[in-house]
Amino acid sequence: MEHQKNYDKDQPKEFVEKLVKLNRTSKTVKGGRRMAFSALTVVGDKKGRVGFGFGKANDVSEAIRKSLDKARKNLVNVPLKNGTIPHEVQAQFKSSSVMLKPACSGTGIIAGGPVRAVMEAAGATDVLSKSLGSNSSVNVVRATFEALSCLMDGKEIAKNRGKTLKDLWG
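Figured I'd write up the structure that's included with this text. (Residues numbered from 1 in each chain as written. Predicted model: local features only at pLDDT ≥ 70, side-chain atom pairs only at ≥ 80, totals over all residues. Heavy atoms only, no water.)

1. Structural notes on the packing of aromatic side chains
- Taken as a whole and judged by the stated rule, the model has 1 aromatic pair.
- Taking the centre distance of 4.9 Å and the plane angle of 50° together, the rings of Phe52 and Phe145 count as tilted. Note that Phe52 is positioned in strand E3 (residues 49-57) and Phe145 in helix H4 (residues 137-150), a separation of 93 residues in sequence. (Phe/Tyr/Trp six-rings, centres within 6.5 Å; stacked < 30°, edge-to-face > 60°. Helix = DSSP H or I, 4+ residues; strand = E, 2+ residues; numbered from the N terminus.)

Structure, rendered in structure tokens:
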């Protein structure tokens with residue numbers, strides 16, 4: 001048998017991984033309680049690509065591994081301009097609502113736990129946010145991703161209008 005290398009340990013990490021929520025659940029069976037775990041993680045490269053994943057398993061490490069794998073599979077691009085988002089945006093997922101606003105440099109990320117994890121992983125340095133409604137971590141993260149998907153990139157808008165970026169912004 002050949003010895004296989006574990007490439008995860010040999011190469012430098014491409015992504016920043018953040019555990020947002022770890023939850024323990026129990027199911028009562030004939031022999032007692034059976035514990036299970038669910039993990040919500042956010043993965044990003046700090047250059048505008050970010051994704052989230054949700055994994056469930058009977059032990060913590062397996063739940064986290066599953067959620068990280070899912071997070072790497074559904075990455076989205078975030079148009080960042082000078083460390084902030086290009087314009088204000090508000091989005092909703094179920095009863096959680098998230099508002100994101102651009103901020104001037106030096107402000108930092110002013111956001112609650114789940115939104116902060118997403119914005120840090122995306123590479124934003126200055127963002128204002130407000131989370132309204134339900135504060136369920138899973139729904140807040142999904143609302144944040146809904147908001148990020150609504151963001152418009154200046155280059156893309158200029159191209160669609162048939163203008164240059166300079167004509168658009170003056």
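2. A word on the nonpolar core
- The biggest cluster of nonpolar side chains holds 26 residues, and the ones touching the most others in it are Val50, Leu100, Val115, Val118, Met119 and Leu148.
- If you list the elements that add at least two residues to this core, you get strand E2 (32-44), E3, strand E5 (89-93), strand E6 (96-102), helix H3 (113-122) and H4.
- Counting residues per element, this core draws most heavily on H4, which supplies 6 residues.
- Aside from chain neighbours lying at most four places away, what touches Val118 is Val42, Val50, Val141, Thr144, Phe145 and Leu148. (Core = buried A, V, L, I, M, F, W, Y, C linked by side-chain atoms within 4.5 Å. Buried < 20%, exposed > 50% of the residue type's maximum accessible area, 1.4 Å probe, protein only. Contact = heavy atoms within 4.5 Å.)

3. Looking at unusual backbone geometry
- Phi is positive for Lys46, which is not a glycine, with a value near 60°.
- Note that Lys46 resides in the loop between E2 and E3.
- On the accessibility criterion, Lys46 (46% relative accessible area) is partly exposed.
- Non-glycine residue Asn82 carries a positive phi angle of around 55°.
- Relative to the assigned elements, Asn82 resides in the loop between strand E4 (75-77) and E5.

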